[in-house]
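Letter by letter, the chains look like this.
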Protein chains: 2
Amino acid sequence: MRTATQLAEDYIALWNETDAARRKSLLAKTWTSEASYGDPMMKGEGHAEIDGLIAAVQQRFPAFRFSLVGTPDGYGEVARFSWALGPNDGDAVVRGTDIVHRDGDKIASVTGFLDLVPATA
Amino acid sequence: MRTATQLAEDYIALWNETDAARRKSLLAKTWTSEASYGDPMMKGEGHAEIDGLIAAVQQRFPAFRFSLVGTPDGYGEVARFSWALGPNDGDAVVRGTDIVHRDGDKIASVTGFLDLVPATA
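Residues numbered from 1 in each chain as written. Chains lettered and ligands numbered in written order. Predicted model: local features only at pLDDT ≥ 70, side-chain atom pairs only at ≥ 80, totals over all residues. Heavy atoms only, no water.

1. Considerations on the environment of A:Ser82
Residue and element names in this part refer to chain A. Locating Ser82 in the fold gives a position in strand S4 (residues 78-87). Each C-alpha atom, one on Ser82 and one on Ala28, is 23 Å from the other, the two residues being 54 residues apart in sequence. Excluding residues within four positions of it along the chain, Ser82 makes contact with Ser67, Leu68, Val69, Gly96, Thr97 and Asp115. A distance of 2.8 Å separates polar atoms of two side chains, one belonging to Ser82 and the other to Thr97. (Helix = DSSP H or I, 4+ residues; strand = E, 2+ residues; numbered from the N terminus. Contact = heavy atoms within 4.5 Å. Polar contact = N/O pair within 3.5 Å; in protein donor to acceptor, adjacent residues only side chain to side chain.)

In structure tokens, the structure reads:
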């Protein structure tokens, strides 16, 4: 079974993938078809809705990329990891922590929390 | 509806309650009857099992108390907070972060993660 770190790396790669066809392929490979995503600002269910959320975030922050922060951990069917969003060569603008419930090697649900948000948000 | 902080305070009070009758009363008041609890070391479902987990931790660490760390946050049906376990007058020995799914004012599930564990654990 994929480790929490591998799951997190797949997840970050998906959020950074700007090619819609490759994003859909990654979703099919690494998320269950009924998967759900929720954070304080948005939520979606199923690949099409989740893909829409990712595309919207990429459009809002076109010059930014997601990266993993620290070491993912997990046990049983859950995993936890933290991430940062910011310009490649600058400080993170947003940070968060995601809780994943997995179904084998696929993500079944994500519950996201924000750890750092811009003062103007 | 109770805030994430109130929910977290109720939760910490339950873990610190050593009187079995009062613990059962707190569980009935603040957790749904089918509630589940899971962390890297143990899991349980329903008030009787969860009460057993709490009692076992209290027996293992009789001189320790739980306290909240930082500010709980949440949105919709989820809440997140961090806690410490240690002697009243000393440094925390264990720290963790719990993710709560709520059903109104009651806890429906807890997914716990450990942030600090003793080097000998």
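Moving on from the model shown.
2. Focus on a negative patch on the surface
All names here are of chain A. A cluster of acidic residues, Glu34, Glu45, Glu49, Glu77 and Asp103, forms a negative patch at the surface. Position of Asp103 relative to the elements: it lies in strand S5 (residues 94-103). Given a relative accessible area of 52%, Asp103 falls into the exposed group. (Patch = residues over 30% accessible without salt bridge, like charges linked within 9 Å, V, L, I, M, F, W, Y side chains within 5 Å. Areas by Shrake-Rupley, 256 points an atom, 1.4 Å probe, with all protein chains shown as cover. Salt bridge = Lys/Arg side-chain N within 4 Å of Asp/Glu carboxyl O. Lys, Arg positive; Asp, Glu negative; His and termini not counted. Charge placed at Lys NZ, Arg CZ, Asp CG, Glu CD. Buried < 20%, exposed > 50% of the residue type's maximum accessible area, 1.4 Å probe, protein only.)

3. A word on the packing of aromatic side chains
All names here are of chain A. One pass over the full model with this rule turns up 16 aromatic pairs over all chains. Both rings, one in Phe61 and one in Phe64, keep their centres 5.5 Å apart while their planes meet at 10°; by these two values the pair is stacked. By way of ring pairs, the aromatic residues Tyr11, Trp15, Trp31, Tyr37, Phe66, Phe81 and Trp83 are connected into one cluster. (Phe/Tyr/Trp six-rings, centres within 6.5 Å; stacked < 30°, edge-to-face > 60°.)

4. Things to note about the sheet that holds strand S6 (residues 106-116) of chain A
Residues and elements named next belong to chain A. Ordered by their spatial adjacency, six strands build an open sheet running S2-S1-S6-S5-S4-S3, and the pairing between neighbours is mixed. Across the chains shown, the open sheet's two edge strands, defined by having one partner strand only, are strand S2 (43-45) and strand S3 (64-75). Strand-to-strand twist in this sheet, taken as the mean axis angle between neighbours without regard to direction, amounts to 20°. Strand contacts of helix H1 (residues 4-16): strand S1 (31-38), S3, S4, S5 and S6, with the helix running at about 160° to S3, the strand carrying the most contacts. The strands that helix H2 (residues 20-30) touches are S1 and S6; relative to S1, the one it contacts most, it runs at about 105°. (Pairing = 2+ DSSP bridges. Axes fitted to C-alpha atoms, helices over the stretch in contact; angles between N-to-C directions.)

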